[in-house]
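If you want the building blocks of each chain, they are given just below.
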Amino acid sequence: MSRIKRWVNMNKKEFNPDGTLKLEARVEMLSDGMSNEAIDDYALRLKQEYDQWKHLDEISPEPWTVYTAYDFFTESEKRQFNPDGSLKPEYMESELKKGISEGWLSEMERRKKIDVDNYNKVSAKKAEMGINFGQQEMNSRNYASRTYVQRRKQMEVDLRTGEDTDSLPFDKDTAF
């Protein structure tokens, strides 16, 4: 999604979708004792930021990899289910032959379809806010699968670049 959508979402209380200051926000700032000049300066700075983000979206859009719920299925789930959460006919047939009840298979399918539907709803809602939910989930999984050594090396980099210590995976005093 675009940088500008994220900007609008972050600033929607005070700014219009076109990057201009809302009248209600101006009135509130005046009532809080801010001068017109200070308000104009604030509005101008944020409008310039808006215009810069919009320009970046136009000349260099951020990549937006689309992930589906199926991308997060385990290998065994991919053998059992179709991307929409329905059971694959060959899996159903083999399980029925093994004596698994049709009711249980229907319940498995129902639950997986709910999972897929929930993923799609969350993904769509986040996309409206300019957030790539699938990318976040994939990054989270990739990060979780890192080894201790990889996480420690990344933490060393994060400490050198001044990352907030609350965001680090280990206590900086005990990790090294």
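Just above sits the structure.
A few points on the structure. Values in this document were obtained by computation on a predicted structure and should not be read as measured data. (Residues numbered from 1 in each chain as written. Predicted model: local features only at pLDDT ≥ 70, side-chain atom pairs only at ≥ 80, totals over all residues. Heavy atoms only, no water.)

**Some details on the overall build of the protein chain**
Scanning the protein chain from N- to C-terminus turns up eight helices and zero strands. Taken from the N to the C terminus, the helices and strands of the protein chain come in the order α-α-α-α-α-α-α-α. Compactness check: the protein chain gives a C-alpha radius of gyration of 24 Å against a globular reference of 16 Å for 176 residues, more than 25% above the reference. Overall, the C-alpha framework of the protein chain stretches about 80 × 45 × 35 Å when taken along its three principal axes. Per-residue burial for the protein chain yields a buried fraction of 25% across its 176 residues. Looking at the protein chain alone, contacts between residues at least 24 apart form 49% of all its contacts between residues at least 6 apart. For the protein chain, the accessible surface area stands at approximately 12,000 Å², while carbon and sulfur atoms represent 51% of it. Counting 29 positive and 34 negative side-chain charges, the protein chain places the centres of these two groups 5 Å from one another. (Helix = DSSP H or I, 4+ residues; strand = E, 2+ residues; numbered from the N terminus. Rg over C-alpha atoms; globule rule 2.2 N^0.38 Å. Buried < 20%, exposed > 50% of the residue type's maximum accessible area, 1.4 Å probe, protein only. Contact = heavy atoms within 4.5 Å. Areas by Shrake-Rupley, 256 points an atom, 1.4 Å probe, with all protein chains shown as cover. Lys, Arg positive; Asp, Glu negative; His and termini not counted. Charge placed at Lys NZ, Arg CZ, Asp CG, Glu CD.)

**A few points about the side chain of Asn 132**
Along the chain, Asn 132 turns up in the loop between helix H6 (102-128) and helix H7 (133-144). The residues contacting Asn 132, other than those within four sequence positions of it, are Trp 64 and Thr 65.

**Regarding the pattern of salt bridges**
By the definition in use, this model includes ten salt bridges. One salt bridge connects Glu 107 with Arg 111, and the closest N-O pair in it is separated by 2.8 Å. A residue pair is termed a helical-turn pair when its members lie 3 or 4 positions apart in one helix, as Glu 107 and Arg 111 do in helix H6 at four residues. For Arg 111, a relative accessible area of 45% translates into the label partly exposed. Where salt bridges share partners, they join Glu 77, Lys 112 and Asp 115 into one cluster. (Salt bridge = Lys/Arg side-chain N within 4 Å of Asp/Glu carboxyl O.)

**Here we look at the environment of Asn 120**
For Asn 120, the position within the fold is in helix H6. Take Asn 120: its relative accessible area is 41%, and that puts it in the partly exposed class. For the pair formed by Asn 120 and Tyr 67, sequence separation is 53 residues and the distance between their alpha carbons is 9.8 Å.

**So, the environment of Leu 21**
You can see Leu 21 is positioned in the loop between helix H1 (3-10) and helix H2 (23-31). The spacing of Leu 21 and Lys 5 is 16 residues in sequence and 16 Å in space, taken between C-alpha atoms. If we skip the residues at most four places from it in the chain, Leu 21 touches Glu 14, Phe 15, Asn 16, Arg 26, Met 29, Ile 39 and Ala 43.

**Examining the packing of aromatic side chains**
Aromatic rings considered in pairs are described by the distance between their centres and by the relative angle of their planes. Evaluated as defined, the whole model comprises eight aromatic pairs. Centre to centre, the rings of Trp 7 and Phe 15 are 5.6 Å apart; their planes meet at 65°, and the pair counts as edge-to-face. Where Phe 15 meets Tyr 42, the ring centres are 5.8 Å apart and the plane angle is 55°; that geometry is what we call tilted. Note that Phe 15 is positioned in the loop between H1 and H2 and Tyr 42 in helix H3 (residues 36-59), a separation of 27 residues in sequence. (Phe/Tyr/Trp six-rings, centres within 6.5 Å; stacked < 30°, edge-to-face > 60°.)

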